[in-house]
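Breakdown of the fold
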Amino acid sequence: MKAILVTQPGGPEALTLHDVDVPTPADHEVLVEVMVAGVNYIDTYFREGIYHAAPPFTPGLEGVGRIAHDPQGILAEGTKVAWNNAFGSYAEYVCVDRERLVAVPQDIDDTVAASMLLQGMTAHMLVHDVYDLSEGRSCLITAGAGGVGLLLTQLAAARGATVFSVVSSDEKEQLAYAAGATEVFRYSDNLAEIVRRRNGGHGVDVVYDGVGKATFHESLEAVRPRGLVCLFGAASGPVEPIDPQRLNTHGSIYLTRPSLAAYTQDIEEFTARAQGVVQAIVDGTLSIRISGEYALADAVQAHRDLQARHTTGSIVLRVRD
Ligand code: NDP
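About the criteria used
- Once a new chain begins, its residue numbering starts again from 1 and follows that chain's sequence as written.
- Where local features are concerned, this predicted model is filtered to residues with pLDDT of at least 70; where side-chain atom pairs are given and counted, the filter is 80 or more; whole-chain, interface and lining totals use all residues.
- By convention in this description, side-chain values take in all heavy atoms of the structure and omit both hydrogens and water.
- Secondary structure follows DSSP: runs of H or I at least 4 residues long count as helices, runs of E at least 2 residues long count as strands, and numbering of each begins at the N terminus.
- Residues count as neighbours in contact if any of their non-hydrogen atoms are within 4.5 Å of one another.
- For the exposure calls, accessible area comes from a 1.4 Å probe over protein chains only, and a residue counts as buried if that area is under 20% of its type's maximum, exposed if over 50%, partly exposed in between.
- Paired strands, as defined in this entry, are two strands with at least two bridges between them according to DSSP.
- By convention, a crossover is right-handed whenever its connection, traced from the first strand over the helix to the second and viewed with the strands pointing away, goes clockwise.
- For helices, the axis comes from a line fit to the C-alpha atoms of the stretch in contact; other axes are also lines fit to C-alpha atoms, and the angle between any two N-to-C directions lies between 0 and 180 degrees.
- Domain extents, as shown, originate in an automatic or database domain assignment.
- Two parts placed together each lose some accessible area under a 1.4 Å probe, and adding up what both lose gives the buried area.
- A pairing counts as a salt bridge when a side-chain nitrogen of Lys or Arg comes within 4 Å of a carboxyl oxygen of Asp or Glu.
- Side-chain atoms alone can form a polar contact between residues adjacent in sequence; in general such a contact is a pair of N or O atoms within 3.5 Å, and within protein one must be able to donate a hydrogen while the other accepts it.
- Gly is put with the polar residues, along with every residue not named as nonpolar or charged; the nonpolar set is Ala, Val, Leu, Ile, Met, Phe, Trp, Tyr, Cys and Pro, and the charged set is Asp, Glu, Lys and Arg.
- Here, nonpolar core means buried Ala, Val, Leu, Ile, Met, Phe, Trp, Tyr and Cys residues that are tied together by side-chain atoms lying within 4.5 Å of each other.
- The criterion for an aromatic pair is that two Phe, Tyr or Trp rings (for Trp, the six-membered ring) have centres within 6.5 Å, with stacked assigned to planes under 30 degrees apart, edge-to-face to planes over 60 apart and tilted to the rest.

Some words on the environment of Glu 48
- With respect to the secondary-structure elements, Glu 48 resides in helix α1 (residues 41-48).
- Separated by 224 residues in the primary sequence, Glu 48 and Ala 272 place their C-alpha atoms 33 Å from one another.
- For Glu 48, the residues in contact, after removing those within four places along its chain, are Pro 9, Gly 10 and Gln 307.

The following block contains the structure:
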């Protein structure tokens, strides 16, 4: 089968197309024929070696496809499924934990199905469980027109929160407003001051920061006393270690660094969260924007565009029709 391999961690060019053996599923897994693979920022951390995987490895965590073989003979071949945590998804076949498969309703497009779970469940955990965002609360979202950013904005606005969003271009600003942002700003050294001014002179209840290194300082400044800074990613690079005393000087604020894995640990929580996302797509509460579809062989360009901040919403790799 064709698969992208990383033999040496590095830049986008580290993603190379190879012929490799079809993997063999373990007893708790099924073999899935991949139709479309989702591309996520976390894939770049693995490719660069920021997150460790022993090379050679095939990156990619999520996608949509059809069951090709169930060693236990329970799940029907040909059933269309989506998944979010099967390492090696940039390939024609991948093994997926049978308990982490989600059935795909007919009216969800394949490209949407390929990218709905990882980013969708992340946005879901951020507004429901990392912080219980509700009517009258306020939040600041960095990278507000990205994959997670647009979904987070829609879910936060749907819960009645005031949503301040930060983006880097006019096009992204329009998309953030269309997703329900109350006000959209550009990155700046006095972002926190601007947000406070527009929030009645107060810091926001919660900052959702997926940009990391470049925005973290302003995130600490932008939150109200006893508010929450949620650092959930590092698109601009990992944040330097900080002195806990800073949480005191910013007003007894809280800092968390959540992962989706910890918020989908048991199968009940995973299933409820995944179904919440699928249902929101079906009933129109959540709209997933696909700004780029690339061939599997063009994974290099997909990563280049993602890291050059050229993408909006989600992007995918078309593996087969
Ligand atoms: P995005 O589509 O949001 O792409 C990243 C965005 O980050 C860019 O479009 C860009 O938007 C912004 N950005 C700001 N500074 C930089 C920079 N220096 N280089 C590149 N991009 C920059 O990606 P995802 O939706 O896949 O992920 C968003 C974040 O969420 C990532 O940090 C990711 O790791 C994290 N994440 C965390 C999870 C968790 O479990 N904790 C799960 C899923 C995602 P702009 O141009 O507007 O600034």
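Section: the pairing of strand β15 (residues 314-318)
- The buried fraction of β15 is high, at 4 of 5 residues.
- Alignment of strand β3 (residues 29-39) against β15, held across 4 bridges, turns out to be antiparallel. Its bridge partner being in β15, Ala 37 is matched across the sheet by Leu 317.
- Where strand β14 (residues 290-295) and β15 come together, 5 bridges link them in parallel fashion. Of the residues in β15, the one forming a bridge with Ile 290 is Ser 314.
- In this view, the connection linking β14 to its parallel neighbour β15 by way of helix α10 (residues 299-307) has right-handed handedness.

Brief notes about the sheet that holds strand β13 (residues 254-256)
- Read from one edge of the open sheet, 6 strands run β10-β9-β8-β11-β12-β13, paired in parallel fashion. Two strands close off the open sheet at either side, each with one partner strand: β10 (183-186) and β13. Sheet twist, expressed as the mean angle between neighbouring strand axes with direction ignored, is 15°.
- Relative to β13, strand β12 (residues 223-231) is paired through 3 bridges, and the arrangement is parallel. Residue pairing across strands places Leu 228 opposite Tyr 254, the latter belonging to β13.
- Packing against the sheet, helix α3 (residues 117-130) makes contact with β11 (204-209), β12 and β13, and its axis sits at approximately 150° to β12.

A short note on the domain arrangement of the chain
- The domain boundaries assigned to the chain delineate domain 1 (2-118 + 288-318) and domain 2 (131-257).
- Measuring from the centre of the C-alpha atoms in domain 1 to the corresponding centre in domain 2 gives 29 Å.
- Counting from both sides, the interface comprises 10 residues of domain 1 and, opposite them, 14 residues of domain 2.
- Of all residues in domain 1, the largest losses of buried area upon contact with domain 2 belong to Arg 289, Arg 309 and Thr 312, amounting jointly to 41% of the total for that side.
- Connecting domain 1 to domain 2 are 1 salt bridge.
- Linking Glu 171 and Arg 289 is a salt bridge whose minimum nitrogen-to-oxygen distance equals 3.5 Å.
- Joining domain 1 to domain 2, the criterion identifies 6 residue pairs in polar contact (both at pLDDT 80 or more).
- Residues that form the side of domain 1 that touches domain 2 fall into these classes: 4 nonpolar, 4 polar and 2 charged.

Points about the pattern of salt bridges
- Applying the stated criterion across every chain, the model contains 18 salt bridges.
- Put simply, Arg 273 and Asp 129 hold a salt bridge, and the shortest N to O gap is 2.7 Å. Note that Arg 273 is positioned in helix α9 (residues 267-282) and Asp 129 in helix α3, a separation of 144 residues in sequence.
- Residue class for Arg 273 comes out buried when judged on its relative accessible area of 3%.
- In this structure, Arg 318 and Glu 293 form a salt bridge, with 3.0 Å as the shortest nitrogen-oxygen distance. One end of the pair, Arg 318, is in strand β15; the other, Glu 293, is in strand β14, with 25 residues separating them in the sequence.

Here we look at the nonpolar core
- The biggest cluster of nonpolar side chains holds 54 residues, and the ones touching the most others in it are Met 116, Leu 126, Leu 133 and Tyr 208.
- Each of two domains, domain 1 (2-118 + 288-318) and domain 2 (131-257), supplies a minimum of three residues to this core.
- Not counting residues within four places of it along the chain, the set of residues in contact with Leu 126 comprises Tyr 131, Val 148, Leu 152, Tyr 208, Cys 230, Phe 232 and Pro 258.
- Grouped together as the second largest cluster of nonpolar side chains are 29 residues, Val 30, Phe 46, Ile 67 and Ala 299 included.

A closer look at α1
- All buried positions along α1 are accounted for by Asp 43, Thr 44, Tyr 45, Phe 46 and Arg 47.
- Looking at the buried positions of α1, the neighbouring elements they touch are β1 (2-6), β2 (15-19), β3 and α10.
- At the C-terminal side of α1, Gly 49 shows a positive phi close to 90°.

A short note on the packing of aromatic side chains
- All told, the structure shown has 6 aromatic pairs when counted by the stated rule.
- An angle of 55° between the planes, with centres 5.0 Å apart, marks the rings of Phe 46 and Phe 87 as tilted. Linking Phe 46 in helix α1 with Phe 87 in the loop between β5 (80-83) and β6 (93-97), this pair joins segments that are 41 residues apart in sequence.
- For Phe 46, a relative accessible area of 15% puts it in the buried group.
- Each ring, one from Phe 164 and one from Phe 185, has its centre 5.9 Å from the other, and the planes form 25°; the classification is stacked.

A word on the side chain of Thr 111
- Here Thr 111 is to be found in helix α2 (residues 110-115).
- Among all residues touching Thr 111, those that are not within four sequence positions of it are Val 36, Ile 290, Glu 293, Val 316 and Arg 318.

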